[in-house]
Amino acid sequence: MHTHNHPINCIVPPYMLEDIATKGTKSQRELAIRTLKTSEQMRGQRRALADFSGAVSRFAAVGGKERIVYDAQNGSSLPGTPVRNEGDGPTSDVTVNEAYDGSGATYDLFNDIYNRNSIDAKGMRLDSTVHYKKGYDNAFWDGEQMVYGDGDENLPVSERLFNRFTIAIDIIGHELTHGVTQFEAKLVYSQQPGALNESMSDVFGSLVKQRTLNQRADEADWIIGAGLLTENVNGIGIRTMKAPGTAYDDPVLGKDPQPGHMKDYVNTVSDNGGVHINSGIPNRAFYVTAMELGGYAWEKAGQIWYVTLRDKLGANSKFQDCANLTYLTASELYGNGSLEQKAVKKGWAEVGLTVDGSTPPPTTEPGDGCLSSLLRLIGAAPEK
Amino acid sequence: MYIDKIKFERTGGFAGIRLAAEVDMDDIPEDQKREIIRLIDETDFDELPKKLSGKMPMPDEFVYSITVNSRGKEHAVLAGESSLPNNLQPLIEVLERIAKIQMRKQD
Ligand SMILES: [Zn+2]
C-alpha cells in the first residue's frame with residue numbers, strides 16, 4: 001500500500017472530520033482517510049476513524065434537506081400522523097405549511113450560511129408536530145423533534161391570548177436551534193448556561209426571520225414571537241432583543257420580565273432558574289454587536305456566535321465565558337483588533353460585561369496548524 | 001386527605017410567561033373541591049418527592065410547582081412537563097384552568 005507522506009501530527013476533532021466528509025469530493029475523502037490511517041497519531045484513535053467512516057456513509061445516504069410535518073390531531077402522542085413530506089406541495093392547513101416552510105428556512109440558514117447540514121451536521125431529518133393537545137399555549141423541542149400547540153384555540157375569541165405557535169418563523173428557528181445546541185455546546189438547561197441556551201435559540205431564530213425577509217440589522221424588528229399574542233393582549237411579541245423587558249405589558253399576562261443588563265439579572269428558582277428571563281442579557285449583547293457591524297446580521301455577528309456555539313462553549317458556560325469566547329472567535333475569524341472584535345466587545349459592554357481577552361485561548365483545537373495542513377492536503381483549505 | 005389551600009405555578013415554556021393561582025378550598029364550588037381532593041388522593045401527593053426530575057428538562061417545556069397546605073403543613077412538588085407522572089396530569093389540567101380564570105379576573 002502506498003504511504004502518503006503528509007504526516008498529520010495532531011488529532012483532528014470529530015466535527016472537523018465530519019466537515020471534511022461533507023465538503024470534500026470522493027477522492028479527497030478517500031485521500032483523507034488513507035492519510036489518517038497511516039498517521040502515527042491516529043493509532044489508538046480507532047473510534048474517531050470509525051466515526052469518520054460512519055459520517056461519510058451517513059452523508060452519502062442523506063441528500064440534505066428532509067422534512068416531515070405530523071399532525072397530533074389535538075392529542076398528546078408524538079409524532080402523530082404524517083401530513084406533509086419533503087417535496088410535497090402545500091396543504092390546506094396553514095399551520096402545517098408554516099412548520100414546513102419555517103423548518104426549511106432554518107435548514108437553509110444553517111446550511112447556506114454556516115455550512116452545517118441540519119441539526120446534527122449529518123443531515124438529520126427535521127420532524128415537526130403541529131396541533132399538539134388542546135389549548136396548548138406552547139412549543140418545545142423534545143430532544144428529537146419540534147412540537148407546536150395551537151395556543152388558546154379552545155377559548156372564545158374574545159378570551160384568547162395566544163395564536164398558533166407556528167405563526168412566527170423565529171419560533172420555529174428557535175426550537176430547531178435547541179437541537180443544534182444539543183449536538184454542540186450542550187448547554188445545561190438551568191441558570192446562566194440555560195439562559196445562554198435560550199439566547200442562542202433566539203439569536204438564530206431571529207436570523208432565520210431576518211434572512212427570510214432579506215433585512216439588514218437596522219431594518220429588523222428584533223422581536224421574538226411577533227404575532228403570537230392576540231389582539232386581546234397589549235404587546236408586540238414575547239421578547240425583544242433590542243429592548244428586553246418591553247415586549248408586553250398587559251393586565252392579564254403581566255409585564256415582560258426580561259433584563260437587558262447584568263445589574264438587573266433575575267435570581268429565581270422558577271423557569272429552570274430564569275432561562276427565559278435572563279436570556280435578555282446575551283440577546284441584547286448580540287443585537288448591539290450586529291448593529292455595530294451593520295449589514296446582514298447573519299453574516300458576521302451570526303458567524304461569530306455560531307462558531308462560538310459549535311467550537312467554544314461548553315455545558316456549563318456562563319455569560320462571562322460567552323463574552324470572552326465570542327471575542328476570541330472574532331479574533332480568530334477576523335483578526336486581533338479587527339472591527340468585528342471591537343463590535344463584540346461593545347456588545348457585551350452594553351450589558352455590563354467586560355470581555356477578558358487576556359486569558360490564553362482554551363485548547364479546544366490542538367494547534368490550528370495541523371488543521372490547516374489537513375485541509376490543504378485534501379484541497380479544502382479555507383480562504384483567508 | 002384534608003386540604004386548606006393549593007398554590008399552583010406554571011413557569012417556563014417558550015414564552016416564559018408565568019401562570020399562577022392560589023386556590024382556597026373554602027372558596028370554590030363543592031363539586032370542584034371534591035374533584036381536586038380526589039385527584040390529589042390518587043397521586044399520593046404527600047409521598048411525591050419535592051422535585052420530580054426523571055430526565056434532563058426539555059427545552060421550552062413548562063415547569064410546574066404545586067404546593068398543598070393541609071392543617072398548617074405544606075408539601076411542595078416541582079416538576080417539568082416531561083417528568084410529570086401520568087396521574088398528576090389531570091390535576092395540573094384543573095389547576096391550569098383555574099389559574100387562567102383567576103388571571104383574567106385580576107384586571
Ligand atoms: Zn427555548
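Above this note sits the structure.
Residues numbered from 1 in each chain as written. Chains lettered and ligands numbered in written order. Predicted model: local features only at pLDDT ≥ 70, side-chain atom pairs only at ≥ 80, totals over all residues. Heavy atoms only, no water.

Draft legend 1. Layout of the sheet that holds strand β5 (residues 146-148) of chain A. Residues and elements named next belong to chain A. Strands sit in the order β2-β1-β3-β5-β4 across an open sheet of 5 strands; the sheet is mixed. Looking at which strands have only one partner, the edges of the open sheet turn out to be β2 (81-85) and β4 (139-141). Strand-to-strand twist in this sheet, taken as the mean axis angle between neighbours without regard to direction, amounts to 20°. Looking at chain direction, strand β3 (residues 126-130) and β5 are connected through 2 bridges and run parallel. By the bridge assignment for β5, S128 is matched with M146. (Pairing = 2+ DSSP bridges. Helix = DSSP H or I, 4+ residues; strand = E, 2+ residues; numbered from the N terminus. Axes fitted to C-alpha atoms, helices over the stretch in contact; angles between N-to-C directions.)

Draft legend 2. Structural context of the environment of K122 of chain A. All names here are of chain A. You can see K122 is positioned in the loop between α4 (94-113) and β3. Here K122 falls in the partly exposed class, since its relative accessible area comes to 25%. Residues K122 and N272 lie 150 residues apart in sequence; the distance between their C-alpha atoms is 30 Å. (Buried < 20%, exposed > 50% of the residue type's maximum accessible area, 1.4 Å probe, protein only.)

Draft legend 3. Unusual backbone geometry, seen in detail. Residues and elements named next belong to chain A. In this structure, the amide linkage connecting L78 to the following residue, P79, adopts the cis form with an omega of 5°. Within the secondary structure layout, P79 lies in the loop between β1 (67-71) and β2. Positioned with a positive phi, W222 is a non-glycine residue whose angle comes to about 60°. Residue position: W222 is located in the loop between α6 (191-212) and β6 (223-224).

Draft legend 4. Just the interface of chain B and chain A, in detail. With 23 residues of chain B at the contact, the number on the chain A side is 33 residues. For the pairing of chain B and chain A, the buried interface totals around 2,400 Å² over both sides, and the portion due to carbon and sulfur atoms is 57%. When residues of chain B are sorted by the area they lose upon contact with chain A, F14, P59 and R104 of chain B head the list and together hold 31% of the total. Taken together, the links from chain B to chain A amount to 2 salt bridges. Linking K100 of chain B and D137 of chain A is a salt bridge whose minimum nitrogen-to-oxygen distance equals 3.4 Å. At the boundary of chain B with chain A, the tally comes to 15 residue pairs in polar contact (both at pLDDT 80 or more). Mapped onto the side of chain B that touches chain A, the elements with two or more residues apiece are β1 (5-12), β4 (62-70) and α2 (89-105) of chain B. (Contact = heavy atoms within 4.5 Å. Buried area = accessible area lost by both parts, 1.4 Å probe. Salt bridge = Lys/Arg side-chain N within 4 Å of Asp/Glu carboxyl O. Polar contact = N/O pair within 3.5 Å; in protein donor to acceptor, adjacent residues only side chain to side chain.)

Draft legend 5. Examining the packing of aromatic side chains more closely. Going through the model one piece at a time under the given rule, you end up with 20 aromatic pairs over all chains. Between Y114 of chain A and Y306 of chain A, the aromatic rings sit 5.0 Å apart at their centres with planes inclined by 20°, giving stacked as the arrangement. Taken together, the positions of Y114 of chain A in the loop between α4 and β3 and Y306 of chain A in helix α9 (residues 300-312) put the pair 192 residues apart, joining distant regions of the chain. The pair Y114 of chain A / Y306 of chain A is uniform in exposure class, with both members buried. What links up through ring pairs into an aromatic cluster is the set Y132, Y136 and F140 of chain A together with F8, F62 and Y64 of chain B. Positioned above the aromatic ring of Y100 of chain A is the side chain of R84 of chain A, whose terminal nitrogen or guanidinium carbon lies 3.6 Å from the ring centre. A cation sits over an aromatic face here: R71 of chain B above Y2 of chain B, 4.2 Å from the ring centre. (Phe/Tyr/Trp six-rings, centres within 6.5 Å; stacked < 30°, edge-to-face > 60°. Lys NZ or Arg CZ within 6 Å of the ring centre and 35° of its normal.)

Draft legend 6. Fine view of the packing of α9 of chain A against helix α10 (residues 319-334) of chain A. Residue and element names in this part refer to chain A. Interhelical geometry of α9 versus α10 gives an angle of 115° and a closest axis separation of 9 Å. On the basis of their axis angle, the class for α9 and α10 is roughly perpendicular. Relative to α10, α9 is oriented so that their crossing is right-handed. Where α9 abuts α10, its residues K300, Q303, I304, W305, V307, T308 and K312 lie against L325, T326, L328, T329, A330, E332, L333 and Y334. A breakdown of the residues in the contact of α9 with α10 according to their chemical character gives 8 nonpolar, 4 polar and 3 charged. (Parallel < 35°, antiparallel > 145°, perpendicular 65-115°, else oblique. Left-handed = near helix turned anticlockwise from the far one by under 90°. Nonpolar A, V, L, I, M, F, W, Y, C, P; charged D, E, K, R; others polar.)

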